[in-house]
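Residue-level structural notes
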Amino acid sequence: MPLNIVLIEPEIPNNTGNIGRLALATESRLHLVKPLGFEIDDKRLKRAGLDYWQHLEVIYYDSTDDFFSKNKDAEMIFLSSHGTQSHWDIEYTDNMFLVFGKESVGLPKPLIEKHQDQLFKIPLYSEEIRSLNLANAVSIIVYEGLRQLS
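The following refers to the structure shown. Being a predicted model, the structure only gives us computed values, none of them experimental.

**A short note on the pattern of salt bridges**
In total, this model carries four salt bridges according to the counting rule given. Two residues, Arg29 and Glu57, come together in a salt bridge whose shortest N-O distance is 3.4 Å. Here Glu57 lies in the loop between helix 2 (43-49) and strand 3 (58-61) and Arg29 lies in strand 2 (residues 29-33), a separation of 28 residues in the sequence. When the shortest N-O distance is used, the salt bridge between Arg147 and Glu144 registers 2.8 Å. Taken as a pair, Arg147 and Glu144 lie in helix 5 (residues 134-149) at a separation of three residues, close to a single helical turn.

Have a look at this one:
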């Protein structure tokens, strides 16, 4: 039943470390698509992931093209503040790939344009912020998926 958490070009090691901890806690797989904005041995990554990183299933990809070519038949949803569908409308399936963009700009525009039918957002109720922290957004999406699948 594991879910697949995909981070496209993550930039902040603390976020990735926290998402790694979440992945382990939920028995999800973590997919990291390069380039990364940090070195994988970054002490901030390790601090956020504590001593759990060694137990985590992490799959690395050299590029977005590499990720999509290796997972071309996978069921995917994409999360973006530009989505028009609410995350409450996602119908989760076992082994689903949950794709998130980098902290500074989110998903690349070509992915947003290509996957409009699979593009979802977490509603924000304040006009004072543009988006949620990446680790928080991943947590919301993963735990809703686990709720639906259990």
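**Considerations on the sheet that holds strand 5 (residues 85-86)**
Spatial strand order, 3-2-1-6-4-7-5: seven strands in an open sheet with parallel pairing. Each end of this open sheet is capped by a strand with a single partner; those strands are strand 3 and strand 5. Where strand 1 (residues 4-8) and strand 6 (residues 97-100) come together, four bridges link them in parallel fashion. By the bridge assignment for strand 6, Asn4 is matched with Phe97. Docked against the sheet, helix 1 (residues 13-25) engages strand 1 and strand 2, running at close to 170° with respect to strand 1. Sheet strands touched by helix 5: strand 1, strand 4 (76-79) and strand 6. Its angle to strand 6, the strand with the most contacts, is close to 160°.

Definitions and limits used
- Along each chain, the written sequence defines residue order, and numbers are assigned to residues from 1.
- Two thresholds apply to this predicted model, a pLDDT of at least 70 for residue-level local features and 80 or more for giving and counting side-chain atom pairs, whereas whole-chain, interface and lining totals are computed over all residues.
- Hydrogens are left out, water is left out, and the side-chain values use all remaining heavy atoms of the structure.
- A carboxyl oxygen of Asp or Glu within 4 Å of a side-chain nitrogen of Lys or Arg is what we treat as a salt bridge.
- Elements are defined by DSSP. Helices are runs of H or I of four residues or more, strands are runs of E of two residues or more, and each kind is numbered from the N terminus.
- A pair of strands is considered paired only if DSSP assigns at least 2 bridges between the two.
- Residues count as neighbours in contact if any of their non-hydrogen atoms are within 4.5 Å of one another.
- Structural elements are reduced to axes, namely lines fitted to C-alpha atoms, with helices fitted over the stretch in contact, and the angle between N-to-C directions of any two is expressed from 0 to 180 degrees.

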